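So the chains spell out like this:
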Amino acid sequence: PSEVPVWFGSRLIGALALIAGALVIVGMFLPWAKGIPNLDAPAGTLSAAASGWALMTGSGDVENATEGYAILVFAGGIMLLLGAMWGFLDPQSKTAWTTALVGGATAVAGSAWGWVALNSYEFAGIDAAAVHISQRVGAYLTIAGGSVGVIASVIGRLGTTERL
């Protein structure tokens, strides 16, 4: 009676993957970057921020249209969530874990692309060279959530006995 059921570990991995997917989706709605003009005047400086959602939809302080990397992160986060939920409910499904793995990898790829692209982003018509851009919590959450999702999905997939 002191033994832990076999499905218990797989369900924990599924729960971890679900949390990772939730981090990616929450990170989409939090600021990814903040741009502050490099002005010598201490008073009256303006700043602009962009969330993943604003980058995906082209709203708020975002001047350009939709950004492909934000769409990748959102799509990957949704796919990670769906695969993780499926893997939580059916831990022996390789297809579920593969879905979560592809979603997590897509979110990580989009986040990394966004990280590089945001370093030279142009906010509200201000030249990128005249703006100090720093990454914010949303960018960190999407990368961390996607990475944890990939790791959890690989562990979940390795623990299955189902054949494709």
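None of these values were measured; they are calculated from a predicted model. (Residues numbered from 1 in each chain as written. Predicted model: local features only at pLDDT ≥ 70, side-chain atom pairs only at ≥ 80, totals over all residues. Heavy atoms only, no water.)

Draft legend 1. Main features of the overall build of the protein chain. The helix and strand inventory of the protein chain stands at five helices and three strands. Across the 164 residues of the protein chain, 38% fall into the buried class. Nonlocal contacts in the protein chain, meaning residues at least 24 apart in sequence, comprise 71% of its contacts between residues at least 6 apart. (Helix = DSSP H or I, 4+ residues; strand = E, 2+ residues; numbered from the N terminus. Buried < 20%, exposed > 50% of the residue type's maximum accessible area, 1.4 Å probe, protein only. Contact = heavy atoms within 4.5 Å.)

Draft legend 2. Quick peek at the nonpolar core. Ranked by size, the top nonpolar core spans 17 residues in total, and within it Trp32, Leu55, Tyr69, Ala70 and Leu118 carry the most contacts. Contributions of two or more residues to this core are made by helix 1 (6–29), strand 1 (31–37), helix 2 (52–57), helix 3 (68–89) and helix 4 (94–118). In terms of residues, this core owes the most to one element, helix 3, which gives four residues. If sequence neighbours within four positions are ignored, Ala70 has contacts with Met28, Trp32, Gly52, Leu55 and Met56. (Core = buried A, V, L, I, M, F, W, Y, C linked by side-chain atoms within 4.5 Å.)

Draft legend 3. Geometry of helix 4. Its 25 residues give helix 4 an end-to-end C-alpha distance of 36 Å, which sits within 8% of 36 Å, the value for a rise of 1.5 Å per residue. Looking only at helix 4, the buried set comprises Lys94, Ala96, Trp97, Ala100, Gly103, Gly104, Ala107, Gly110, Ser111, Gly114 and Leu118. (Expected span 1.5 Å × (residues − 1).)

Draft legend 4. View of the packing of helix 3 against helix 4. One can describe the packing of helix 3 onto helix 4 by two numbers: an axis separation of 7 Å at closest approach and a directional angle of 155°. It follows that helix 3 is roughly antiparallel to helix 4 by the angle criterion. Our pair here, helix 3 against helix 4, has a crossing hand that is left-handed. Considering only residue class, the contact of helix 3 with helix 4 consists of 15 nonpolar, 13 polar and no charged. (Axes fitted to C-alpha atoms, helices over the stretch in contact; angles between N-to-C directions. Parallel < 35°, antiparallel > 145°, perpendicular 65-115°, else oblique. Left-handed = near helix turned anticlockwise from the far one by under 90°. Nonpolar A, V, L, I, M, F, W, Y, C, P; charged D, E, K, R; others polar.)

Draft legend 5. Representation of the packing of aromatic side chains. In this structure the tally under the stated criterion is five aromatic pairs. Where Phe29 meets Trp53, the ring centres are 5.2 Å apart and the plane angle is 25°; that geometry is what we call stacked. Placement of the pair is Phe29 in helix 1 and Trp53 in helix 2, with a sequence separation of 24 residues. Given a relative accessible area of 47%, Phe29 falls into the partly exposed group. Relative to Tyr69, the ring of Trp32 has its centre 6.3 Å away and its plane inclined at 25°; by these criteria the two rings are stacked. In this pair, Trp32 is assigned in strand 1 and Tyr69 in helix 3, connecting sequence segments 37 residues apart. (Phe/Tyr/Trp six-rings, centres within 6.5 Å; stacked < 30°, edge-to-face > 60°.)

Draft legend 6. Main features of the environment of Val102. Of note, Val102 is situated in helix 4. Val102 sits in the partly exposed class, given a relative accessible area of 39%. A C-alpha to C-alpha distance of 7.3 Å links Val102 and Leu80, two positions 22 residues apart in sequence.

Draft legend 7. Just the confidence of the model for the protein chain, in detail. Confidence in the prediction of the protein chain, expressed as mean pLDDT, is 82, and 74% of residues score 70 or more. By mean pLDDT, the top-scoring element of the protein chain is helix 3 (94), and the lowest-scoring one is strand 3 (residues 131–135) (72). (pLDDT = per-residue confidence, 0-100.)

Draft legend 8. View of the environment of Leu18. Along the polypeptide, Leu18 turns up in helix 1. Leu18 sits in the partly exposed class, given a relative accessible area of 23%. Excluding residues that lie within four positions of it along the chain, Leu18 makes contacts with Leu81, Ala84, Met85 and Phe88.

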